[in-house]
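# Analysis of the macromolecular model
Each chain, letter by letter, is given below.
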Amino acid sequence: MAFPNSNSLPAFTQMDANQSIISPLFLGQDYMEYMNVLPDIKGVTKVDHLGSLSKITKAFTAGAFSGETAGTFSGVTITPARVEAEIEFYSNSLFGKVKAQLMKGNFEFDNIDGTAVKNVLIDLIAQGIKADFNRQLFLGDAALVSGNGGDYLDYNSYDGIFQVCKDTLAAAQKLDNSDITGVANGEALDAAADGVNILQAMYDAATPELLSAGNHVFFVSGDIYDKYSEYLEGTGYAAAGHSVLVNGIPNLTYRGIPVIARRDWDVAVTADFAIIEGASAAVETHRAILTTRDAIIVGTDFSESAMEQWYSQDNKSYRFRVSYMCGVALADAKLAVMYTPDALS
């Protein structure tokens, strides 16, 4: 059985895109709680940031005195780019894909309503868009062109967080293997201490402004996370060590800072290290960012998202297209530290 044409499928709307795909990307993922998500950015927008105020309190005097202007104010510009995801299902296979998903939900095949079919299709599309969003948000590089080779079109929609940090941070806040004890170029992490050495070097490179900001977070690749966990498992204390080996460590922290594993980085770098800046070999999957809540600004415009569908009679296939806006900025150049194996030029 196959769906004969697009009229056999329920209609998709902008509301479907926002509620089921776009909003969960920006607001529904756990790690996004550390980002300052701005959902109504209209084109190029300047975002003001108040860093700190100090030395504004004086001894009382009977007369007036001048107001202080020594506060640290900064403004960053965020420029969301439009991105599109398009997927094609051949009509003779779409029913099978939908059926496989419906079987997981215990639907009665003689009584499937249009909403169930719509939800299955949206879930299939959303899975792919989520994977792309998470990869591009961190690893995007707008400077990539065809001359870079590889799947450069999967990365060049806009500058992701690593590129924004490269362009914004001072040299002392951009670490590479030359700053890490025991980690060599072109090699995988091999010692249990490699993970903790990377985290310690990043903490030591943090500015006083970052350290005093609170609400810190480490985003790390899966190999750094695993090496740090391995290091903790071997630190002694027999009873606690046995419990860790048996039950694992549910939520790693370093000096009280949550350590969040981004294993999708490992997958992306392994496959595309030739075009991802900061890696020169497939085994150099390790990279990390130390920052504070809301320092990373992610902008979008929910009113500009769209979802389209049509049936291509030439190809006997169904086409679905989802478009949305996304851009990244760092609120203050002092509020992050980054690490990549190779220095970002």
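Check the entry above for the structure.
Now for a description of the structure that goes with this document. Because the structure is a prediction, the values reported are computed rather than measured.

So, how was this worked out
- Residues numbered from 1 in each chain as written.
- Predicted model: local features only at pLDDT ≥ 70, side-chain atom pairs only at ≥ 80, totals over all residues.
- Heavy atoms only, no water.
- Core = buried A, V, L, I, M, F, W, Y, C linked by side-chain atoms within 4.5 Å.
- Buried < 20%, exposed > 50% of the residue type's maximum accessible area, 1.4 Å probe, protein only.
- Helix = DSSP H or I, 4+ residues; strand = E, 2+ residues; numbered from the N terminus.
- Contact = heavy atoms within 4.5 Å.
- Phe/Tyr/Trp six-rings, centres within 6.5 Å; stacked < 30°, edge-to-face > 60°.
- Salt bridge = Lys/Arg side-chain N within 4 Å of Asp/Glu carboxyl O.

## Focus on the nonpolar core
- Within the largest apolar cluster, 83 residues are counted, with the highest numbers of intra-cluster contacts made by Phe26, Met35, Phe133, Leu137 and Phe138.
- When residues of this core are assigned to their parent elements, the largest contribution, nine residues, is made by helix H3 (residues 114-139).
- Other than its neighbours up to four places away in sequence, Phe138 contacts Tyr31, Met35, Gly160, Ile161, Phe162, Phe219, Arg262, Trp265 and Ile289.
- Ile41, Val47, Ile297 and Ala329 belong to the second-largest nonpolar core, a separate cluster that totals seven residues.

## Some remarks on the packing of aromatic side chains
- Considering all chains together, one arrives at 14 aromatic pairs under this definition.
- Here the aromatic rings of Phe162 and Trp265 are separated by 5.2 Å at their centres, their planes lie at 75°, and the arrangement is edge-to-face. Highlighted residues: Phe162 in helix H4 (residues 161-168) and Trp265 in helix H9 (residues 263-272), separated in sequence by 103 residues.
- For Phe162, a relative accessible area of 2% gives the class buried.
- Of the residues examined, Trp265 reaches a relative accessible area of 0% and is grouped as buried.
- Ring centres of Tyr203 and Tyr254 lie 6.3 Å apart, and the angle between their planes is 75°; on these two criteria the pair is classed as edge-to-face.

## Looking at the pattern of salt bridges
- The final tally for this structure, using the stated rule, is 14 salt bridges.
- A salt bridge links Glu86 to Arg321, with the shortest nitrogen-to-oxygen separation between them at 2.9 Å. With Glu86 in strand S4 (residues 81-90) and Arg321 in strand S12 (residues 317-330), the pair connects residues that are 235 residues apart, well separated along the chain.
- The class for Glu86 is partly exposed, based on a relative accessible area of 40%.
- The partly exposed category is assigned to Arg321, whose relative accessible area is 22%.
- Here Lys334 makes a salt bridge to Glu209, at a shortest N to O gap of 3.4 Å. Of the two residues, Lys334 is situated in the loop between S12 and strand S13 (336-339) and Glu209 in helix H6 (residues 208-213); the sequence distance between them amounts to 125 residues.
- Among the residues examined, Lys334 registers a relative accessible area of 39% and is labelled partly exposed.
- A relative accessible area of 34% places Glu209 in the partly exposed class.
- Through salt bridges that share partners, Glu86, Glu88, Glu308, Arg319 and Arg321 make up one connected network.

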